[in-house]
Amino acid sequence: AHLAALVLARGGSKGIPLKNIKLLAGVPLIGWVLRAASDAGVFHSIWVSTDHDEIEKVAKQFGAQVHRRSPEVSQDSSTSLEAIREFLNHHHEVDIVGNIQATSPCLHPSDLIKVADLIQKEGFDSVFSVVRRHQFRWSEVKKGENKMTEPQNLNPAKRYRRQDWPGELYENGSFYFAKRHLIEKGYLQGGKMAYYEMRAEHSVDIDIDIDWPIAEQRVLSFGYFGKEPLKEVKLLVCSIDGCLTNGRIYVTEDQKEMISYDYRDIVGIDLLKKRGIQVRFVSERDCSKTLSAMQLGCVAKVSATNKLQVLEDWQKDMGLSRKEVAYLGNEESDVECLKKAGMSGVPADACAVAQKAAGYICKSSGGCGAVREFAEHIFLLLEKVNSARKQ
């Protein structure tokens, strides 16, 4: 049976404009679930249903195929079921749809693998995700009603302690798997049904803007970052022009070059060095005088015709694995380095091909705090590495 992953990503979000591709911890929101679906290895095809060109572009960057949904199922009033049924009408090869919500960035491949087994091997017609919550419910009393509230799932005289109460299962909206025959009848849940209980820390749903910073912390702590285990970064290599600086060169009347940089980036470099992370710089032009004037105290390679060779030589000399190296670049000449490094980033104003190759896209532009921001990203991931070691 052809099992297809389908992510619905309409462009017209009322709460957050283009929410589905807004950067969350340096990755477009939709990218988190597409990466998990791809690495699960259980889907015959992975699709994004969208009505927006920018969402289509990001979906393809993460290896998904794109179904251009019609205006009829792209309205504010359109339901997920309508969009899924339209998708099936155009893709007759699909037997089972795994509808994955783009707003669930802590989804892990292991969850999807187990759900695929439930529906493919154990014969369930539909499987949906739930999370266990320990919340006491009370009846609602509307304003003006002369009523008292009543307990719904507890006895106030004998309140459970959390550890003595198993709690209740709630849909968390992370995914809904269903066979074609059910969907064609108008159901996402039906037939032989099963729920799949997700871990509470993986149950993150972004609905309103205030959730964004909270979700970023959750993703950095509990998100899925790829098949290979994270390692502690030992070396950051940074392109000078367009990362440490804004790429502009000012020339005086006596033909002397001047550049500007952000003091926040210098602080970021110092913080990295204090954490034991070496910082080195690379540039295609000869800017040795500029580096000397900045007094960074870092190794640098200028007039570099092959940045990748410089990166590989430094990695070899230090005896580091790929996962222990981070790279911050912004130009086409940085693309291979961004792909090679275990952790990669670009400033907000980096060229399109560099952004596509990077794992993290800064909110700050080059020369305007991007180095400091990428340093903070490295620190957060180091916390994740240390937390994994303790576990």
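Whatever comes next refers back to the structure up there.
These figures come from a predicted structure and were not determined experimentally.

**Q** Looking at this structure, how should I read the packing of aromatic side chains?
**A** Pairs of aromatic rings are described using the distance from one ring centre to the other and the angle between the two planes. Summed over the entire model, instances satisfying the criterion amount to 8 aromatic pairs. The interplanar angle of 85 degrees and the centroid separation of 5.2 Å between the aromatic rings of Trp 32 and Phe 225 together place this pair among those described as edge-to-face. Remark: Phe 225 occurs in the loop between helix H6 (211–222) and strand E10 (235–239) and Trp 32 occurs in helix H1 (residues 29–40); sequence separation between them is 193 residues. By relative accessible area, which is 1% here, Trp 32 ends up buried. Ring geometry for Trp 47 and Phe 87: centres 5.6 Å apart, planes at 65 degrees, overall edge-to-face. Of the two residues, Trp 47 sits in strand E4 (residues 45–50) while Phe 87 sits in helix H3 (residues 80–90), which places them 40 residues apart along the sequence. These aromatic residues form a ring-pair network of at least three members: Phe 43, Phe 175, Phe 177 and Tyr 196. Just above the ring of Trp 32 sits the side chain of Arg 35; from NZ or CZ to the centre is 4.8 Å. Looking at Lys 192, its charged tip hangs above the ring of Phe 124, at a distance of 4.7 Å from the centre.

**Q** How should I be thinking about the layout of surface pockets in this particular structure?
**A** In this approach the atoms are scanned with a rolling probe the size of a water molecule, which exposes any empty space left behind. Put simply, the largest pocket is a space of about 1100 Å³. Taken together, 39 residues make up the lining of the largest pocket; nearest its centre are Arg 35, Phe 62, Ala 357, Ala 358 and Gly 359. Listed by contribution, the elements that provide at least two residues to the lining of the largest pocket are strand E3 (27–28), H1, helix H2 (53–61), helix H11 (335–340), strand E16 (343–346), helix H12 (352–357), strand E17 (360–361) and helix H13 (370–390). No other element matches the 5 residues that H1 contributes to the lining of the largest pocket. Considering only residue class, the lining of the largest pocket consists of 20 nonpolar, 9 polar and 10 charged. Mapped onto the domain boundaries, the lining of the largest pocket takes at least three residues apiece from domain 1 (3–134 + 165–222) and domain 2 (235–389).

Criteria and cut-off values
Residues numbered from 1 in each chain as written. Predicted model: local features only at pLDDT ≥ 70, side-chain atom pairs only at ≥ 80, totals over all residues. Heavy atoms only, no water. Phe/Tyr/Trp six-rings, centres within 6.5 Å; stacked < 30°, edge-to-face > 60°. Helix = DSSP H or I, 4+ residues; strand = E, 2+ residues; numbered from the N terminus. Buried < 20%, exposed > 50% of the residue type's maximum accessible area, 1.4 Å probe, protein only. Lys NZ or Arg CZ within 6 Å of the ring centre and 35° of its normal. 1 Å grid on protein atoms, 1.4 Å probe; cavity = no way out; pocket = protein on both sides within 12 Å on 5 of 7 lines; lining within 4 Å. Points joined across faces, edges and corners; volume = space filled by probe spheres on them. Nonpolar A, V, L, I, M, F, W, Y, C, P; charged D, E, K, R; others polar. Domains from an automatic or database assignment.

In short, geometric facts, not functional conclusions.
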